[in-house]
Amino acid sequence: MNEQQRKEMSQIIPGDAADRKSGQDKPLKEKTSDDFAKYFETTYEPPNINKARKRGRDKINVHYDFGIPEDIANIGEGKKFLIRTYGCQMNEHDTEVMAGILTEMGYESTADKNEADIILLNTCAIRENAENKVFGEIGHLKPLKLEKPDLILGVCGCMSQEESVVNRIMQKHQHVDLIFGTHNIHRLPQLIKESMFSKAKVVEVWSKEGDIIENLPKVRHGKIKAWVNIMYGCDKFCTYCIVPMTRGKERSRKPDDIIQEVRHLAAQGYKEVTLLGQNVNAYGKDFEDVAYGLGDLMDDIRKIDIPRVRFTTSHPRDFDERLIEVLAKGDNLLDHIHLPVQSGSSEILRKMNRKYTRESYLELVAKIREAMPNTTLTTDIIVGFPNETEEQFEETMSLVEEVGFEAAYTFIYSPRDGTPAARKKDDVPEEVKKQRLYRLNDLVNKQSAESMKTYEDAVVKVLVEGESKNNPDVLAGYTERNKLVNFKGSKSSIGQIVEVKITEAKTWSLNGIMVENTVEVN
Ligand code: 5AD
Ligand code: SF4
């Protein structure tokens, strides 16, 4: 997927608007910063597969006692917050949690930075350009902070888990008041208080993962689609990827907590949930007491009265037969699987530590297609991994054709400090990498356009999300197989699943007309 496609995909306006030291046994809200190790007090370590196996055995506790201490419960009254989110759905969802916490503290949200009393940048570290954008924004906010010294400016999310980023902010961006990591989100009330009453920068980043905190408040974006975390972290340690470091080890939420959250969303009228995790197929592997995996979870969620259930992101290595069997049952489990392949060359996959080969990926695709002949497959691909040869890149191109991906997020490899791949010498010039990306995008676009063509004159079910940003007379939403549809129809259908007759296929989207008298199809 290229920039243009990404933009097109985001053109819908929503229809509705651990390191523990001590204090281990205290309730969460009574803990102070002293109960937690602070800023990289434990030694920062780069990703390492042997360590990953060990960290997998650390015990994770689930806390159900989140609460905001009374002395700070109303600290935000009459004040406003703004959170700017970069990166993936996991970050978007973390923003919903932070918005929930701030709202409980009395803050109101604003989209105007000049009105805000607290601005948080929820950052992404996956590629260098994501980080550059954030540093640009930190710079832009400096005049505002100088003008309004009481403004709290915070940096959180994945970048704040990187020691080099924290050091750079400490040294060069004195106007940042608060830095906290992805495992410290539930500490936001205490961190804000510290920031309000101390002159110094407040930094709290656990360099190891925290526990699982349930019952965090959330202000969800819209009332139609919702994200539900099913697990946190990643232990796959792909050699190019920073996530195992920024998000910590794999840890799964208890099935009952997830099922209850989905049931609650269904009761509130949500029409779609997306189950979230960095590697959802590893769900349940950390349970010591029960054998319960993603397939089992999907089978239980299938029985809940919510029309649409999606999940992301899958790892081909852990995609097992039980899951395929359950997905094939259909119902509210949709005909779309996002299955990142990253490369079509077994040698590059080995260097990436992906733990599967081109052949085993193709076997998995064949099994999926046999069980679910109508499934749309989409993927993520990295071009220009260190020393990728022309032949190896061609293997990626041929794999894309062979599988027939209908969409793909495509990236040029970006070296990330501390990852094994970043230490490799790389003989592929940047220009060659760019050319490979263009060629790959041309192929993906061609396949996307071809798949769209097959929908001409067909009637599809669309979950109507809102008005198109470009034209308020046009509504937009997604089909079960995740195709964006723009269509003429009645505004009262926003939030419902309606039938749309497709009149025109474009490269990344479909145009159509709503079928009159559509009854809601659940
Ligand atoms: N460089 C480029 N792309 C990356 N991704 C992850 N790490 C990197 C990196 N260092 C891509 C992968 C992953 C997606 C979320 O981002 O394709 O699936
Ligand atoms: Fe990163 Fe995904 Fe690999 Fe985990 S499985 S290391 S999140 S690319």
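Everything discussed here concerns the structure shown above.
The notes below deal with the structure included here. All values derive from a computational prediction rather than experimental measurement.

## With respect to the sheet that holds strand β16 (residues 376-383)
Read across the open sheet, the three strands follow the order β15-β16-β17; overall the sheet is parallel. This sheet does not close on itself; its edge strands, each paired only once, are β15 (336-338) and β17 (407-412). Between one strand axis and the next, the sheet turns by 10° as a mean value, whatever way the strands run.

## Examining the site of ligand 1
Neighbouring residues of ligand 1: Ile126, Arg127, Tyr240, Gln342, Asp380, Ile382, Phe411, Ile412, Tyr413, Ser414 and Arg416. Taking tyrosine 240, its main chain carries an N or O atom lying 3.0 Å from a nitrogen atom of ligand 1. When ligand 1 is considered free in solution it has 410 Å² of accessible area, and contact with the protein chains removes 87% of it. Mapped onto the shell around ligand 1, the elements with two or more residues apiece are β16 and β17. Its residues placed into classes, the shell around ligand 1 shows six nonpolar, two polar and three charged.

## Some words on the nonpolar core
Nonpolar side chains tend to gather and get buried jointly when the protein is soluble and globular. Within the largest apolar cluster, 68 residues are counted, with the highest numbers of intra-cluster contacts made by Leu275, Leu297, Met298 and Phe319. The contacts of leucine 275, once residues within four sequence positions are left out, are Val228, Ile230, Val262, Val280, Leu297, Met298, Ile301, Val309, Arg310, Phe311 and Thr312. Ranked by size, the runner-up nonpolar core spans 27 residues in total, among them Ala116, Leu121, Ile138 and Ile169.

## Notes on the site of ligand 2
What surrounds ligand 2 is the set Cys234, Lys236, Phe237, Cys238, Tyr240, Cys241, Val243, Pro244, Gln278, His315 and Arg354. Grouping the constituent residues of the shell around ligand 2 by class yields seven nonpolar, two polar and two charged.

## Things to note about the pattern of salt bridges
One pass over the full model with this rule turns up 35 salt bridges. One salt bridge in this structure joins arginine 322 and aspartate 296, with 2.9 Å as the shortest N-O distance. Of this pair, arginine 322 sits in helix α11 (residues 321-327) while aspartate 296 sits in helix α10 (residues 294-302), and the two are 26 residues apart along the sequence. Note that aspartate 299 is salt-bridged to arginine 322, the shortest N-O span being 3.4 Å. Here aspartate 299, found in helix α10, pairs with arginine 322, found in helix α11; they are 23 residues apart in sequence, far enough to count as distant. Residues joined by salt bridges that share partners form a network here, namely Asp296, Asp299, Arg302, Arg322, Glu325, Lys329 and Asp331.

## Structural notes on the packing of helix α4 (residues 128-140) against helix α6 (residues 163-172)
Across the interface, α4 lies against α6 with an axial gap of 13 Å and an inter-helix angle of 20°. If you check the angle between α4 and α6, you find them roughly parallel. Crossing of α4 over α6 shows right-handed handedness. Listed contacts from α6 to Glu131, Phe135 and Ile138 of α4 are Val165, Arg168 and Ile169. Of the residues contributing to the contact of α4 with α6, the split by class is four nonpolar, no polar and two charged.

## Let's talk about the sheet that holds strand β14 (residues 308-312)
Taking strand neighbours across the sheet as the criterion, the three strands line up as β10-β13-β14 in an open arrangement whose pairing is parallel. Unpaired on one side and paired on the other, β10 (225-229) and β14 mark the two borders of the sheet. Taken pair by pair, the neighbouring strands of this sheet meet at an average axis angle of 25°, ignoring direction. Bridging between strand β13 (residues 272-276) and β14 involves five bridges; their strand directions are parallel. In the strand pairing of β14, leucine 275 is matched with phenylalanine 311. Strand contacts of helix α9 (residues 255-267): β10 and β13, with the helix running at about 170° to β10, the strand carrying the most contacts. Here α10 sits on the sheet in contact with β13 and β14, set at roughly 160° to β14.

## Here we look at unusual backbone geometry
Backbone torsion omega between threonine 312 and threonine 313 reads 5°, so that peptide bond is classified as cis. Positionally, threonine 313 belongs in the loop between β14 and α11. A positive phi angle, close to 75°, is found at glutamine 342, a residue other than glycine. The topology assignment puts glutamine 342 in the loop between β15 and α12 (346-351).

## A closer look at the packing of aromatic side chains
For the structure on display, the rule yields six aromatic pairs. Ring geometry for tyrosine 283 and tyrosine 292: centres 6.4 Å apart, planes at 75°, overall edge-to-face. The aromatic ring of phenylalanine 135 is capped on one face by arginine 168, whose charged end is 3.5 Å from the ring centroid.

Conventions used here
- Residues numbered from 1 in each chain as written.
- Chains lettered and ligands numbered in written order.
- Predicted model: local features only at pLDDT ≥ 70, side-chain atom pairs only at ≥ 80, totals over all residues.
- Heavy atoms only, no water.
- Pairing = 2+ DSSP bridges.
- Helix = DSSP H or I, 4+ residues; strand = E, 2+ residues; numbered from the N terminus.
- Axes fitted to C-alpha atoms, helices over the stretch in contact; angles between N-to-C directions.
- Near = heavy atom within 4 Å.
- Polar contact = N/O pair within 3.5 Å; in protein donor to acceptor, adjacent residues only side chain to side chain.
- Areas by Shrake-Rupley, 256 points an atom, 1.4 Å probe, with all protein chains shown as cover.
- Nonpolar A, V, L, I, M, F, W, Y, C, P; charged D, E, K, R; others polar.
- Core = buried A, V, L, I, M, F, W, Y, C linked by side-chain atoms within 4.5 Å.
- Buried < 20%, exposed > 50% of the residue type's maximum accessible area, 1.4 Å probe, protein only.
- Contact = heavy atoms within 4.5 Å.
- Salt bridge = Lys/Arg side-chain N within 4 Å of Asp/Glu carboxyl O.
- Parallel < 35°, antiparallel > 145°, perpendicular 65-115°, else oblique.
- Left-handed = near helix turned anticlockwise from the far one by under 90°.
- Phe/Tyr/Trp six-rings, centres within 6.5 Å; stacked < 30°, edge-to-face > 60°.
- Lys NZ or Arg CZ within 6 Å of the ring centre and 35° of its normal.

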